[in-house]
Amino acid sequence: MAVQSEAALENALIHALEQMSYEYVKIEEESNLRDNFKCQLEKHNRKQLAEIGREHFTESEFEKILLHLEGGSRFEKSKKLRDLYPLETENGERVWVEFLNKKQWCQNEFQVSNQITIEGRKKCRYDVTILVNGLPLVHVELKKRGVAIREAFNQVHRYSKESFNSDNSLFKYIQVFVISNGTDSRYFANTVERNKNSFDFTMNWANAKNTAIKDIKDFTETFFQKSTLLNVIFTYSVFDTNNTLLIMRPYQIAATERML
């Protein structure tokens with residue numbers, strides 16, 4: 001039997017996400033990512049814009065939004081995603097810009113893209129990116145079946161050093177990394193603490209009975225359900241006393257849900 005290639009895994013993942021009502025969007029480079037973010041953010045804030053008789057942010061207003069997003073630590077960036085931004089428009093009005101709807105997952109725009117090329121210390125091309133309201137929140141790194149999953153983990157860390165955190169990059173807002181070789185799939189938080197960035201902190205997804213879900217097909221059908229994904233990002237991602245982003249393990253999530 002032929003080994004499933006990385007490209008085949010990538011195409012299958014994208015197709016599965018499209019079947020789950022993710023919109024596929026072609027994004028080739030940083031400028032396309034920026035333009036898509038502006039479009040999606042305007043769509044997400046259509047009601048707020050309509051209140052001042054507008055459909056779009058001007059370029060200078062959008063630059064203010066990007067400047068607001070650019071600064072701060074990983075903790076501060078994650079907090080900005082959860083807060084409203086009081087944008088003062090060119091004509092002196094105020095629009096409370098919402099980046100993500102934390103309470104109603106269906107009020108967000110979900111997209112998937114692949115092979116986005118970003119120039120940092122090195123030129124890097126990312127496998128699969130999941131965007132919510134135009135912001136890249138999840139990066140998926142794939143390796144073909146038979147290759148050790150640790151290779152995908154190591155690739156993520158090379159990207160972290162070479163391009164994810166380049167100037168003005170929206171990839172600084174990634175909250176979750178997913179790695180898979182088809183037969184083993186894992187997730188982990190985007191944290192800058194080097195002593196936390198070890199393979200031991202990657203986790204298999206699991207069902208309520210704590211049975212591991214490793215195959216990429218089953219992982220996708222469960223972990224990437226829109227409501228589940230946003231719960232992982234907003235409800236089950238926490239900051240420790242050092243403001244390091246951590247994600248709960250499946251048994252912790254199941255226990256929390258039972259208590260709630």
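Bear in mind that the values here come from a model prediction, so they are computed numbers and not experimental data. (Residues numbered from 1 in each chain as written. Predicted model: local features only at pLDDT ≥ 70, side-chain atom pairs only at ≥ 80, totals over all residues. Heavy atoms only, no water.)

Engineer: So, the overall build of the protein chain: which residues are in play, and what are the values?
Structural biologist: For the protein chain, the count of helices and strands is nine helices and twelve strands. Taking all 260 residues of the protein chain together, 51% fall into the buried category. Summarising the internal contacts of the protein chain: among those between residues at least 6 apart in sequence, 62% fall at separations of at least 24. On the protein chain, roughly 12700 Å² of surface is accessible, and the fraction owed to carbon and sulfur atoms is 48%. (Helix = DSSP H or I, 4+ residues; strand = E, 2+ residues; numbered from the N terminus. Buried < 20%, exposed > 50% of the residue type's maximum accessible area, 1.4 Å probe, protein only. Contact = heavy atoms within 4.5 Å. Areas by Shrake-Rupley, 256 points an atom, 1.4 Å probe, with all protein chains shown as cover.)

Engineer: Mind laying out the confidence of the model for the protein chain, listing which residues take part and the relevant values?
Structural biologist: Per-residue pLDDT for the protein chain has a mean of 88; in total, 90% of the residues score no lower than 70. Taking the mean pLDDT of every element in the protein chain, the minimum, 66, falls on strand β11 (residues 237-239) and the maximum, 98, on strand β1 (residues 23-24). Confidence drops under a pLDDT of 50 for residues 192-196, and excluding neighbours within four residues, the segment shows eight contacts in the predicted structure. (pLDDT = per-residue confidence, 0-100.)

Engineer: A description of the environment of glutamate 61 should follow, citing residues and the corresponding values.
Structural biologist: In this fold, glutamate 61 is placed in helix α4 (residues 59-70). C-alpha of glutamate 61 to C-alpha of leucine 87: the two residues are 26 residues apart in sequence and 7.5 Å apart in space. In this structure, glutamate 61 is in contact with Arg54, His56, Leu87, Thr89 and Glu90, ignoring residues within four places of it in sequence.

Engineer: Break down helix α6 (residues 149-164) for me, with residues and values.
Structural biologist: Of all the bends in α6, the largest measures some 25° and sits at arginine 158. For α6, the set of buried residues is Ile149, Ala152, Phe153, Gln155, Val156, His157, Tyr159, Ser160, Glu162, Ser163 and Phe164. Check the buried side of α6 and you find it contacts β4 (110-119), β5 (123-132), β6 (135-142), β7 (176-180) and β8 (185-189). (Bend = angle between axes of the 7 residues up to and from the residue.)

Engineer: Account for the pairing of β6, with residues named and values stated.
Structural biologist: Counted residue by residue, β6 has eight buried out of eight residues, so it is predominantly covered. Relative to β6, β5 runs antiparallel, the two sharing five bridges. From the neighbouring strand, threonine 129 faces β6, where its bridge partner is histidine 139. The turn linking β5 back onto β6 is made up of two residues, and asparagine 133 within it adopts a positive phi angle of 55°. Examined bridge by bridge, β6 and β7 share five bridges and lie parallel to one another. Its bridge partner lying in β7, leucine 142 is registered against serine 180. (Pairing = 2+ DSSP bridges.)

Engineer: Lay out the pairing of strand β2 (residues 84-88) with the relevant residues and their values.
Structural biologist: Here β2 shows a clear split, with Tyr85 and Leu87 buried on one side and none of Leu84, Pro86 and Glu88 buried on the other. Sheet analysis places β2 next to strand β3 (residues 94-98), joined by five bridges and oriented antiparallel. Note on β3: the bridge partner recorded for leucine 84 is glutamate 98. In this antiparallel pair of consecutive strands, β2 and β3, the connection spans five residues, and glycine 92 shows a positive phi of 85°.

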